[in-house]
Amino acid sequence: MKKAAIWIAAAGIALALTGCGQKCKVADVPDTVAVVDGQNIPASQYFDQTSRRAGREVLANLIEQNIIIKWAKDEGVPPTQDQINRQIKTLERDGMYDRQVKLMGKEAVTSELTAMQARINLVKKIIKIDDKELESVYNMMKSRYVHGPRKYVALIINSDKKKVEDAAKAIEKGMSFEDAASKFSDKRFSMGGGPIEIWIAEGQEGLPQELANAAKETKVNGISKVFSFGQEGMPTNYVLMKVTKAQPKADLKLKDVKEEVEDAAAMQKSQMDPKFTEELSKRKRDSKITISIPYLKDVAETVKNPPETNPMMGGNVKPGPAPKAKQ
């Protein structure tokens, strides 16, 4: 899940791009997306503005996905359904799949996973990954595989104690934890308008003791009492915690998760290895791209010839000509 664009509802944007307006249906998107003081905001208006504001990034991402998937097919290593299912199981194990589906939609998640697996398959075919690299990647990901008993928790956090207490009261009266998080959380401590969700393991280093204690004392599907935590010299934060799942301790060695680590190493190489990135750039330049939306036609040229990155400028810009030497 690498690009900000995929956090936007891809299905909704696709509707706007095809210009199908109110006649089209998208799961979870009604014809009227909101009512403000009796005035309807139609789905067609929402899709149109979403497309115009975010369409370039989303469309460029979708085009690149298709180029990579076709490349993998050309090389005889297309992503398989078994591989996609394995990626989904990994996300489920790490507590991320449901959240991604909620934010992006199942279709967009599957699309992103398919393109990611295509990248992985290509790297495994054309670039060697040695044991030293695998060991390094495993060590970076070790907390996934070696941990004490842990719980997946959702958190409502606010420095205003009353708001967190109001959240607890609202939940007692029937409001969902997610809706309470949207209403009462400090927006700096929320994900997509919902609660922060994290794993908390017994003995986890660097974790505030108050969070560890609350996770240990709260049962699965249970909600903690309001509690506080904070560091010296920093504002105190108040928290309401819900435990959504629990897992036993794990001590998986590299040999136990080698295929998953190989995938992670391959994905990393696909972003950094010159052999891969140069071939991908060539395939983008050589691709035939036809865009039907007039105000997004320039996306084809952007995909084929992206601006060069100038790290000194902190963004994508083409560097100017080198200054001439003084005579």
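Residues numbered from 1 in each chain as written. Predicted model: local features only at pLDDT ≥ 70, side-chain atom pairs only at ≥ 80, totals over all residues. Heavy atoms only, no water.

## Notes on the sheet that holds strand β8 (residues 237–247)
Piece 1. Across the sheet, which stays open at both edges, the five strands sit in the order β5-β6-β4-β8-β7 with antiparallel pairing between neighbours. In the strand order of this sheet, the two ends are held by β5 (190–191) and β7 (227–229), each with one partner.
Piece 2. Judged from the six bridges that link them, strand β4 (residues 150–158) and strand β6 (residues 194–201) form a sheet pairing that is antiparallel. Residue K151 lies in a different strand from β6, and its bridge partner there is I200. (Pairing = 2+ DSSP bridges. Helix = DSSP H or I, 4+ residues; strand = E, 2+ residues; numbered from the N terminus.)

## Quick notes on helix α3 (residues 81–93)
Piece 1. For α3, with 13 residues, the first-to-last C-alpha span of 18 Å sits near the 18 Å given by 1.5 Å per residue.
Piece 2. Burial in α3 covers these residues: Q83, I84, Q87, I88, T90 and L91. Each buried residue of α3 sits inside an arc of 155° when the element is viewed along its axis, so together they form one side. Structural note: α3 exposes Q81, D82 and K89 on the side pointing more than 90 degrees away from its buried face.
Piece 3. Following α3 by one or two positions, G95 has its phi on the positive side, about 75°. (Expected span 1.5 Å × (residues − 1). Buried < 20%, exposed > 50% of the residue type's maximum accessible area, 1.4 Å probe, protein only. Arc of directions from axis to C-beta.)

## Some thoughts on helix α11 (residues 258–272)
Piece 1. A rise of 1.5 Å per residue sets the reference length of α11, with its 15 residues, at 21 Å; its end C-alpha atoms lie 21 Å apart and thus fit the reference within 8%.
Piece 2. Every buried residue of α11 is accounted for by E260, V261, D263, A265, A266, M267, K269 and S270.
Piece 3. Buried residues in α11 make contact with α3, α5 (106–126), α6 (131–140), α7 (142–145) and α12 (274–286). (Contact = heavy atoms within 4.5 Å.)

## Observations regarding the pattern of salt bridges
Side chains that carry opposite charge are capable of pairing whenever their charged atoms lie near each other.
Piece 1. Summed over the entire model, instances satisfying the criterion amount to 23 salt bridges.
Piece 2. In this structure, D74 engages K70 in a salt bridge whose closest nitrogen and oxygen atoms are separated by 3.1 Å. You can see D74 and its partner K70 sitting in helix α2 (residues 43–74), four residues apart, about one turn around the helix.
Piece 3. Classification of D74 as partly exposed rests on a relative accessible area of 45%.
Piece 4. The closest approach of N and O atoms between K253 and D251, which form a salt bridge, is 3.3 Å.
Piece 5. Given a relative accessible area of 49%, D251 falls into the partly exposed group.
Piece 6. A network of salt bridges, in which partner residues are shared, links K70, D74, E279 and R283. (Salt bridge = Lys/Arg side-chain N within 4 Å of Asp/Glu carboxyl O.)

## Here we look at the confidence of the model for the protein
Piece 1. Across the protein, pLDDT averages 86, with 86% of residues at or above 70.
Piece 2. The secondary structure element of the protein with the lowest average pLDDT is helix α1 (residues 10–18), at 36, and the one with the highest is helix α8 (residues 161–172), at 97.
Piece 3. Across residues 311–327, confidence stays below pLDDT 50; counting only partners more than four residues off in sequence or on other chains, it has 12 contacts. (pLDDT = per-residue confidence, 0-100.)

## Describing the packing of α6 against α11
Piece 1. Look at α6 against α11: their axes get within 9 Å of each other, and the N-to-C directions meet at 100°. It follows from the interaxial angle that α6 and α11 lie roughly perpendicular. On α11, the residues that touch E133, L134, V137, Y138 and M140 of α6 are K258, V261, E262, A264, A265, Q268 and K269.
Piece 2. Across the contact of α6 with α11, the residue classes break down as seven nonpolar, one polar and four charged. (Axes fitted to C-alpha atoms, helices over the stretch in contact; angles between N-to-C directions. Parallel < 35°, antiparallel > 145°, perpendicular 65-115°, else oblique. Nonpolar A, V, L, I, M, F, W, Y, C, P; charged D, E, K, R; others polar.)

## Things to note about the layout of surface pockets
It is the rolling of a water-molecule-sized probe over the atoms that shows where space remains empty.
Piece 1. Estimated volume of the second largest pocket: approximately 540 Å³.
Piece 2. Around the second largest pocket sit 21 residues that line it, and Q87, M116, R144, A264 and M267 are the ones nearest its centre.
Piece 3. Of all the secondary structure elements, the ones that give two or more residues to the lining of the second largest pocket are α3, α5, α6 and α11.
Piece 4. At six residues, the largest contribution of residues to the lining of the second largest pocket is made by α11. (1 Å grid on protein atoms, 1.4 Å probe; cavity = no way out; pocket = protein on both sides within 12 Å on 5 of 7 lines; lining within 4 Å. Points joined across faces, edges and corners; volume = space filled by probe spheres on them.)

## Some remarks on the nonpolar core
Piece 1. Formed by 44 residues in total, the largest nonpolar core has its most connected members in I63, L113, L122, V261, F276, I291 and V299.
Piece 2. Elements with a contribution of two residues or more to this core: α2, α3, α4 (97–104), α5, α6, α11, α12 and α13 (298–304).
Piece 3. Considering every element that reaches this core, the biggest residue donor is α5, with nine residues.
Piece 4. Ranked by size, the runner-up nonpolar core spans 14 residues in total, among them A214, A215, F229 and M241. (Core = buried A, V, L, I, M, F, W, Y, C linked by side-chain atoms within 4.5 Å.)

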